[in-house]
Amino acid sequence: MTFAHRMLGNRSDAEDAAQEVFLRVWAAAAGWRGGSRFTTWLHRVAANVCLDRLSKVQKMRDMSTAGPGQLAEIAELVDPGPDPSIAAHAADVARHVQDALAALPPTQRLAVTLCHCEGLRNIEAAAIMEISVEALESLLARGRRAMRARLQPMAPALIGKGR
């Protein structure tokens, strides 16, 4: 669910995606050959579902005459901690990072999410994405660069030097 939330940026869509993933896994479980780790296969199914949903959202945006809608919701804070100002600052940082992640192209977002959010090694993430490790590293580099560029103007405020 966390993976889907990071990919889709919206809790409701993530819940729907998680249900779809489990339905697909249930339907295809008998055909799984065990050529890779189950978690690798499960992440691949989840990645496919999320990428499909992102593609549909983009198509709907392209067809819409109204302005593009908000893709990401503000991240929910799990543990606010004892000081509300620290919690508010952490939520602000999380929102900016989630917005930067949501602005990435889907394949870069998937690579960054698998490696940095899910904590997978490059070889595992590459297997899930069905690409070479070199291609994954290229996606990661471009994604990091894009996120850095998007977050750079607000970096002093985000790290507390602008307060």
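Thresholds applied
Residues numbered from 1 in each chain as written. Predicted model: local features only at pLDDT ≥ 70, side-chain atom pairs only at ≥ 80, totals over all residues. Heavy atoms only, no water. Axes fitted to C-alpha atoms, helices over the stretch in contact; angles between N-to-C directions. Helix = DSSP H or I, 4+ residues; strand = E, 2+ residues; numbered from the N terminus. Parallel < 35°, antiparallel > 145°, perpendicular 65-115°, else oblique. Left-handed = near helix turned anticlockwise from the far one by under 90°. Contact = heavy atoms within 4.5 Å. Salt bridge = Lys/Arg side-chain N within 4 Å of Asp/Glu carboxyl O. Buried < 20%, exposed > 50% of the residue type's maximum accessible area, 1.4 Å probe, protein only. Disulfide = S-S within 2.5 Å. Core = buried A, V, L, I, M, F, W, Y, C linked by side-chain atoms within 4.5 Å. Expected span 1.5 Å × (residues − 1). pLDDT = per-residue confidence, 0-100.

Asker: Mind laying out the packing of helix 3 (residues 38–63) against helix 6 (residues 122–129), listing which residues take part and the relevant values?
Answerer: Relative orientation of the contacting elements helix 3 and helix 6 amounts to 55 degrees, with a least axis distance of 8 Å. The angle between helix 3 and helix 6 places the two elements in the oblique class. In the packing of helix 3 onto helix 6, the handedness of the crossing is right-handed. Only Ala127, Ile128 and Met129 of helix 6 make contact with helix 3, whose side of the interface consists of Thr40, His43, Arg44 and Ala47.

Asker: Got a sec to walk through the pattern of salt bridges? Specific residues and values, please.
Answerer: All chains considered together, the criterion is met by seven salt bridges. Put simply, Glu118 and Arg6 hold a salt bridge, and the shortest N to O gap is 3.5 Å. With Glu118 in the loop between helix 5 (106–117) and helix 6 and Arg6 in helix 1 (residues 2–8), the pair connects residues that are 112 residues apart, well separated along the chain. The partly exposed category is assigned to Glu118, whose relative accessible area is 27%. In this structure, the salt-bridge partner of Asp52 is Arg24, at a minimum N-O distance of 3.6 Å. Residue Asp52 is located in helix 3, and its partner Arg24 is located in helix 2 (residues 11–28); the two are separated by 28 residues in the primary sequence. Given the relative accessible area of 33%, Arg24 is considered partly exposed. One connected set of salt bridges, linked through shared partners, spans Glu20, Arg24, Asp52 and Arg53.

Asker: Residue-level account of the state of the cysteines, with values.
Answerer: This structure, assessed with the given rule, holds zero disulfides. Of the cysteine sulfurs around Cys115, a residue in no disulfide, the closest is that of Cys117, at 9.7 Å. Classification of Cys115 as buried rests on a relative accessible area of 11%.

Asker: Explain the nonpolar core to me, using residue names and the numbers behind them.
Answerer: Among the nonpolar cores identified, the biggest contains 34 residues, and Phe3, Met7, Leu110, Leu114, Met129 and Leu136 are the most heavily contacted of them. Counting only elements with at least two residues in this core, the list comes to helix 1, helix 2, helix 3, helix 4 (84–102), helix 5, helix 6 and helix 7 (133–151). Per element, the largest residue contribution to this core is eight residues, and it comes from helix 3. Met7 has contacts with Cys50, Leu51, Leu54, Pro106, Arg109, Leu110 and Thr113, leaving out every residue within four places of it along the chain.

Asker: Which residues make up helix 3, and what values go with them?
Answerer: Helix length check: helix 3, at 26 residues, gives a terminal C-alpha distance of 38 Å against a target of 38 Å (1.5 Å per residue), a fit within 8%. Every buried residue belonging to helix 3 is among Thr40, Trp41, His43, Arg44, Val45, Ala46, Ala47, Val49, Cys50, Leu51 and Leu54, and all of these are buried. Where helix 3 is buried, its residues touch helix 1, helix 2, helix 5 and helix 6.

Asker: Please set out the packing of helix 2 against helix 3 residue by residue, giving values where relevant.
Answerer: Packing of helix 2 against helix 3 leaves a shortest axis separation of 9 Å and a crossing angle of 130 degrees. Here helix 2 is positioned oblique relative to helix 3, judged by the angle of their axes. Seen from above, helix 2 lies across helix 3 with right-handed handedness. Residues Asp13, Asp16, Ala17, Glu20, Val21, Arg24, Val25 and Ala28 of helix 2 form the contact with helix 3, whose participating residues are Phe38, Trp41, Leu42, Val45, Ala46, Asn48, Val49, Asp52 and Arg53.

Asker: So what's going on with the side chain of Gln108? Which residues, and what values?
Answerer: By the element assignment, Gln108 lies in helix 5. On the basis of relative accessibility, which here comes to 9%, the residue Gln108 falls in the buried class. If we skip the residues at most four places from it in the chain, Gln108 touches Leu139, Arg142 and Gly143.

Asker: Account for the confidence of the model for the chain, naming residues and giving values.
Answerer: Chain-level statistics for the chain give a pLDDT mean of 79 and a share of 79% at 70 or above. Taken element by element, the predicted model of the chain shows its lowest mean pLDDT in helix 8 (residues 155–158) (74) and its highest in helix 7 (95).

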